[in-house]
Amino acid sequence: MSILVTGGAGYIGSHMVLHLLEKGYEVVIVDDLSTGNMEAVLANKFYKADIKDEKAMAKLFDENKIDGIIHFAAFSLVGESMQEPLKYYENNVTGTLQILKYMNDYGIKNIVFSSSAAVYGESSSPIKENVSANPTNAYGETKLAVERMLKWASKAYGINFTALRYFNAAGSHASGRIGEKRKIETHLIPIALDVALGKIEKLLIFGDDYDTFDGTCIRDYIHVSDLASAHLLALEKMANENKCGMNMIYNLGSEKGFSVNQIVNAVKEVTHINIKTMIAPRRLGDPAELVASSEKIKKELGWLPQYTDIKDIIATAWEFRKKMR
Ligand code: UFG
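Colleague: I would appreciate a short explanation of helix H6 (residues 188-196) in the present structure.
Modeller: Note that an α-helix has 3.6 residues per turn; residues three or four places apart therefore point the same way. A large share of H6 lies buried, amounting to nine of its nine residues. Of the residues making up H6, those classed as buried are Leu 188, Ile 189, Pro 190, Ile 191, Ala 192, Leu 193, Asp 194, Val 195 and Ala 196. Among the structural elements, strand S7 (168-170), strand S8 (203-206), strand S10 (221-223), helix H8 (260-271) and helix H10 (310-323) are those in contact with the buried residues of H6. Two residues or fewer past H6, Gly 198 is found with a positive phi of approximately 80°.

Given below as structure tokens:
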């Protein structure tokens, strides 16, 4: 079975590719390398292209028989999406629209879509999939728009889709081969680790006046390899059931919330290095708390995360970051 991974040179995408290869799948990657890294490209078949580029994508589909798609290619920064929402709509929504057209043109039935906890906005935790989605940022709106587009496309064309709403992806592959490496880093754990490495002087804590137990934002951090295993379970389920118009939506989180301060403390414990911090204004678009209930995917797909301790997750990130060039 040959799987197309869009955004396969990115953080989560590259972990997905490695997981598929480990499980014996053939993998084709498409990535425009706008945010991904060439050194994270682990499959032999790699197309450097924008998924909206119909000519490049026609070549890819003509040269490979694709059995299923795992679709990561997207912009994913909450803060940036508030400054440049149209960039997000164009890349995330139009990009997926194109993917759906290719699926129709080439008779591809199954897609796993990389959605986000950002679709929920301010919701009381633990968040279940059936609470109403009400994003507080443009990024979350684009993910919700795509989920809805998938629903209608699924009804009309018989496409099967699974939308996985990730909470905060964290950590690195146990081998240390790939990890969280971006051209510009904005995420909490890698920035805290860069403070530990002395690359950044201090961590700015974006707001300490949220309605949470210590005033800083609470998030649910889930290991990137556990995210990858969930995608494959979803794809296999759709392929094995061989139905038309299946649609599944699942949360993927650890079901545990950590405040920014708690993450800083966990980073100190893992690295044994003091992390200098400074309180800064809130970042636009940030909800106070996002913690998952992941019961549905555990029950329906038998997903079982391997990493259950935040310090173990941070330790994998630390191993990679220390070696990162
Ligand atoms: N934070 C800081 N200082 C920093 C960086 C982050 O205080 O230097 C805070 C943020 O304000 C937030 C928390 O740490 O409260 C986590 O921020 P990240 O930037 O690491 O992650 P986000 O929660 O903003 O977003 C991530 C993904 C999104 C996804 C979301 C789902 O980037 O794609 O998780 O929860 F939608």
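Anyway, onward from the coordinates.
Colleague: What is the right way to read the sheet that holds strand S5 (residues 110-116) from this model?
Modeller: By way of backbone hydrogen bonds, the strands of a sheet pair with one another, either parallel or antiparallel. The seven strands are arranged S3-S2-S1-S4-S5-S6-S11 in an open sheet whose pairing can be described as parallel. Every other strand in the sheet has two partners, leaving strand S3 (45-48) and strand S11 (247-252) as the edge strands with one partner each. If you compare each strand with its neighbour and ignore which way they point, the axes differ by 15° on average. With four bridges joining them, strand S2 (residues 26-31) and S3 adopt parallel strand pairing. Within S3, the residue paired with Asp 31 across the bridge is Lys 48. Across the face of the sheet, helix H2 (residues 54-63) comes into contact with strand S1 (2-6), S2, S3 and strand S4 (68-71) while running at roughly 175° to S2.

Colleague: Would you mind showing me how to read the nonpolar core here?
Modeller: One broad trend across soluble globular proteins is that nonpolar side chains are buried collectively. By size, the foremost hydrophobic cluster in this structure holds 40 residues, and its most contacted members are Ile 12, Leu 20, Ile 70, Leu 252 and Ile 297. Those elements that provide at least two residues to this core are S1, helix H1 (11-22), S2, strand S6 (160-166), helix H7 (224-241), S11 and helix H9 (295-301). Looking at this core, the element that brings in the most residues is H7, giving eight residues. Residues contacting Leu 20, with those up to four places away along its chain left out, are Ile 3, Val 5, Tyr 25, Val 27, Ile 70 and Leu 232. Core analysis: the second largest hydrophobic core is formed by 28 residues, Ala 196, Phe 258, Ala 288 and Ile 313 among them.

What counts and what doesn't
- Residues numbered from 1 in each chain as written.
- Predicted model: local features only at pLDDT ≥ 70, side-chain atom pairs only at ≥ 80, totals over all residues.
- Heavy atoms only, no water.
- Buried < 20%, exposed > 50% of the residue type's maximum accessible area, 1.4 Å probe, protein only.
- Helix = DSSP H or I, 4+ residues; strand = E, 2+ residues; numbered from the N terminus.
- Contact = heavy atoms within 4.5 Å.
- Pairing = 2+ DSSP bridges.
- Axes fitted to C-alpha atoms, helices over the stretch in contact; angles between N-to-C directions.
- Core = buried A, V, L, I, M, F, W, Y, C linked by side-chain atoms within 4.5 Å.

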